[in-house]
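As a plain string of letters, each chain reads:
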Amino acid sequence: MLEAKGLSVKINGIPVVTNSSFFIPEGKITAMIGESGSGKSMTVAALLRMLPAGALASGEIRFMGTDLLKATNEEMAVLRKKEFFTIFQDALNSFNPSVKMDRQLYAFSAGRVGDDQESFRKKMKAILGKLSLSAEILNQYPFELSGGMLQRCMIACALYVKRALLIADEPTSALDKVVQKEFLKWLRLLNESGTTVLIITHDLDVVADVADEMIVMRKGEIVETGAVADVLARPTHEYTKRLLDSRF
Amino acid sequence: MTVKWIGKRMMLGALVLFIVSFLSFFIMHASPGSSATAYYGGNAQTLTTAEKERISEAFALDRPLIVQYGAWLKQTVQGNLGVSAKEGRPVASILGERLPNTLLLFGVSMFFIIIGSIWLGMTAGMRPGSLLDRGLSAFSIASSSIPAFWLGILFIYLFAVTLGVLPSSGTGSLGGDGGFVDKIKHLIMPASVVVLTHVGLYARFLQESVKAEIGSYYVMAARANGVEEREIRRGVLRNAFIPYLNYLGVTIPSFFGGSVIVEALFAWSGLGQLLVKSVMVKDYPLLMGGIMLTGLIVVVSLFAIDVLMYTLDPKLRKGELGG
């Protein structure tokens, strides 16, 4: 589905991701784990081609035959709209505070697939119900909802558009344990409906709970990859072992 | 918009006018010289002490200041602004003659400042790092640094003296028909000076506000999800407009005060010029009336801005910001 070869990212000449190669298999949930500053979010920014000012990526990221680092801005805009769905850590700030939720959810979902308002409302209400959210939220503003509810709204949009790849950058770190568990349940639901998932996290419990494959990053480099069950049972890199030790 | 909210704003406006009137009244009476001077007309040197005392007594100027203020406040609340000490005519009719000119200069200048700053600020803010972005920053510094009187003199020299295309001063030509075209010709230079010395600062404020919004988390999330750029921009502009309106509201009083200089420079027969003359001759009834009318215009402008902000900002509507 997605393969990176020799990916490097430098910010103002300083390397933050170095010669990283990894593979995201189709239909699976792959977790990218590592401590803060290990280069996980920068890797995501590189594959979305949304690097901050002064950052430069080199190497290759292939998605369905397209090298994302060489794609034109127009091609990337189409990929982001038609193939990816991205959820960020801060759900509260992921929505415009002055715009009602119905308009924003429409833009994040129905607007991307060309549905009209009527079918959007019908479908979205059904999905919100599935996620234990009242349709009332459509008439509310983001600041009237909790972080957990807003993260569920993002999942609702992801369920609506059912894109090939869902990228979730630290989606659970701002959620309490109960909401986190539920969020992971919906993530699995989404995966079961055919969406490949790349989840970025620093929480090993999240990895163990939801992921099939894992990529361990440290100081901008990939130190270990493999099936979650294998890596957790037989870690080979010292950093992974330390990570596992710190879990208990 | 709730009746409660409107009522609250109107009460606040009335309170502001009361404080302005109280401070103005006592500050002007604290200035050196007798408040009866204007009533003496050209006879100040020849009047005897007894005659001066009679004048003070006739106009109740011998009473304690707080009593004088109370009497002024009572008649003002009843809609009577009193009689000009210098001209002997009702203050309301003198102000009524000047008000249209001030409203014309203020309204036209404000219109072009708002239109110009919105267009410049939004266009430049949407293109960070562009030539327009950098150019507007430079223009803003120049616009806010140039003194209005200097630009006014330059305009008079250029367009009135050298080119002879615009009248140098006044609100209408001597012997002219006082028609619309003549009025506009006289308005062009003072309004241009007010606009050019203010538009850059307002545009820069909006530009920075748009740039801050463009860098917001929600814009990143929307772009990462391929939300239409038009939809993103609409939200960005709406949010950037809220602090801009706030800034406009905060600066309107000083903007209004600054136009006094322009009125004086171009002999624009407005309230500003009238107020300056009233101070010179100690015509306190006229001065108080002028201050109250100016204050009322500012309060009404601020109310209009509050209504706009209320409409744009849902947090204000939902009472999250104590609105």
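Below: a short report on this structure. Since this is a predicted model, take the numbers as computed values, not measurements. (Residues numbered from 1 in each chain as written. Chains lettered and ligands numbered in written order. Predicted model: local features only at pLDDT ≥ 70, side-chain atom pairs only at ≥ 80, totals over all residues.)

1. A word on the overall build of chain A
Counting its regular elements, chain A contains ten helices and ten strands. Relative to a compact globule of 248 residues, whose C-alpha radius of gyration would be 18 Å, chain A shows 18 Å and is just as compact. Counting only C-alpha atoms, chain A reaches 50 × 45 × 30 Å along its principal axes. Within chain A, buried positions represent 44% of all 248 residues. (Helix = DSSP H or I, 4+ residues; strand = E, 2+ residues; numbered from the N terminus. Rg over C-alpha atoms; globule rule 2.2 N^0.38 Å. Buried ≥ 20, exposed ≤ 12 C-beta atoms within 10 Å, placed from the backbone.)

2. Here's the deal with the environment of F112 of chain B
Residue and element names in this part refer to chain B. With respect to the secondary-structure elements, F112 resides in helix α5 (residues 91–125). Given 17 C-beta atoms within 10 Å, F112 falls into the partly exposed group. In this structure the C-alpha to C-alpha distance between F112 and S192, which are 80 residues apart in sequence, comes to 9.0 Å.

3. Quick look at the sheet that holds strand β3 (residues 29–33) of chain A
Residues and elements named next belong to chain A. Spatial strand order, β6-β7-β8-β3-β9-β10: six strands in an open sheet with mixed pairing. Looking at which strands have only one partner, the edges of the open sheet turn out to be β6 (84–87) and β10 (221–227). Taking each pair of neighbouring strands and ignoring which way they run, the sheet shows an average axis angle of 15°. Here four bridges tie β3 to strand β9 (residues 213–218), and the two strands are oriented parallel to one another. Each bridged residue has a counterpart across the sheet, and for T30 the counterpart in β9 is E213. (Pairing = 2+ DSSP bridges. Axes fitted to C-alpha atoms, helices over the stretch in contact; angles between N-to-C directions.)

4. A few points about the interface of chain B and chain A
Residue-level contacts link 19 residues of chain B with 21 residues of chain A. Class assignment of the residues belonging to the side of chain B that touches chain A gives a composition of eight nonpolar, four polar and seven charged. (Contact = placed C-beta atoms within 7 Å. Nonpolar A, V, L, I, M, F, W, Y, C, P; charged D, E, K, R; others polar.)

5. Section: the pairing of β3 of chain A
Residue and element names in this part refer to chain A. Within β3, five of the five residues are buried, which leaves the element mostly enclosed by the surrounding structure. Burial of the side chains of β3 extends over both faces: I29, A31 and I33 are buried on one face and T30 and M32 on the other. Inspection of the sheet shows β3 paired to strand β8 (residues 196–201) by five bridges, in the parallel sense. Residue pairing for β8: I29 is matched across the bridge by V197.

6. Observations regarding the pairing of strand β1 (residues 2–11) of chain A
Residues and elements named next belong to chain A. Here β1 pairs with strand β2 (residues 14–24) via seven bridges, running antiparallel. If you follow A4 over to β2, its bridge partner there is F22. Taking the residues that link successive antiparallel strands as the turn, the β1-β2 hairpin has two residues, and the phi of N12 there is positive, at about 50°. Relative to strand β4 (residues 55–63), β1 runs antiparallel, the two sharing eight bridges. Within β4, the position partnered with V9 by the bridge is A57.

7. Things to note about the packing of helix α10 (residues 229–265) of chain B against helix α12 (residues 284–312) of chain B
Helix-helix packing: each pair is described by the crossing angle between the helix axes and the interaxial distance. Residues and elements named next belong to chain B. Interhelical geometry of α10 versus α12 gives an angle of 175° and a closest axis separation of 10 Å. Comparing their axes, α12 and α10 come out roughly antiparallel. Residues R238, F241, I242, L245, N246, L248, G249, I252, P253 and F256 of α10 lie in contact with α12, whose contacting residues are T294, V298, S301, L302, I305, L308, M309 and L312. Considering only residue class, the contact of α10 with α12 consists of 13 nonpolar, four polar and one charged. (Parallel < 35°, antiparallel > 145°, perpendicular 65-115°, else oblique.)

8. A short note on the sheet that holds strand β5 (residues 66–67) of chain A
Hydrogen bonds along the backbone pair up the strands of a sheet, which may run parallel or antiparallel. Residues and elements named next belong to chain A. Pairing within the open sheet is antiparallel, and its four strands lie in the order β2-β1-β4-β5. The strands lining the two open edges of the sheet, one partner per strand, are β2 and β5. Of the strands in this sheet, β1, β2 and β4 are in contact with helix α1 (residues 40–48), which crosses β2 at around 70°.

9. Re the nonpolar core
Counting 113 residues, the largest nonpolar core has A46, C157, A158, I199 and M214 of chain A as the members making the most contacts within it. Looking at this core, the element that brings in the most residues is helix α8 (residues 180–214) of chain B, giving 13 residues. Non-local contacts of A158 of chain A, meaning those with residues more than four positions away in its chain, are made with F85, I87, L166 and L190 of chain A. Within the second largest apolar cluster, 20 residues are counted, among which are A38, L95, L286 and L287 of chain B. (Core = buried A, V, L, I, M, F, W, Y, C linked by C-beta atoms within 7 Å.)

10. Regarding the environment of K40 of chain A
Residue and element names in this part refer to chain A. Within the secondary structure, K40 is located in helix α1. Owing to 23 C-beta atoms within 10 Å, K40 belongs among the buried residues under this scheme. Distance in space between the C-alpha atoms of K40 and V206 is 15 Å, their sequence separation being 166 residues. Sequence-distant contacts of K40, that is, excluding residues within four places in its chain, are made with M32, G34, I200 and M217.

11. Focus: the packing of helix α7 (residues 148–162) of chain B against α10 of chain B
Residues and elements named next belong to chain B. Direction vectors running N to C along α7 and α10 enclose 30°, while the axes themselves pass 10 Å from each other. In terms of orientation, α7 lies roughly parallel with respect to α10. Remark: the crossing between α7 and α10 carries right-handed chirality. Residues A148, F149 and G152 of α7 lie in contact with α10, whose contacting residues are G258, I261, V262 and L265. Among the residues making up the contact of α7 with α10, the classes are represented as five nonpolar, two polar and no charged. (Left-handed = near helix turned anticlockwise from the far one by under 90°.)

12. So, helix α11 (residues 271–281) of chain B
All names here are of chain B. The set of residues buried in α11 consists of L271, G272, Q273, L274, L275 and S278. Of the surrounding elements, those touching the buried residues of α11 are α5, α10 and α12. Of the residues one or two after α11, K282 is the one with positive phi, at around 60°.

13. Observations regarding unusual backbone geometry
Here the phi dihedral of S132 of chain A falls at roughly 55°; this positive angle occurs in a residue that is not glycine. Within the element layout of this structure, S132 of chain A appears in the loop between α5 (117–130) and α6 (147–161). Exposure remark for S132 of chain A: the 10 C-beta atoms within 10 Å place this residue in the exposed category. One non-glycine residue with positive phi stands out, namely A267 of chain B, at about 50°. Secondary-structure assignment places A267 of chain B in the loop between α10 and α11. Taking the number of C-beta atoms within 10 Å as the measure of exposure, A267 of chain B has 14 and is therefore partly exposed.

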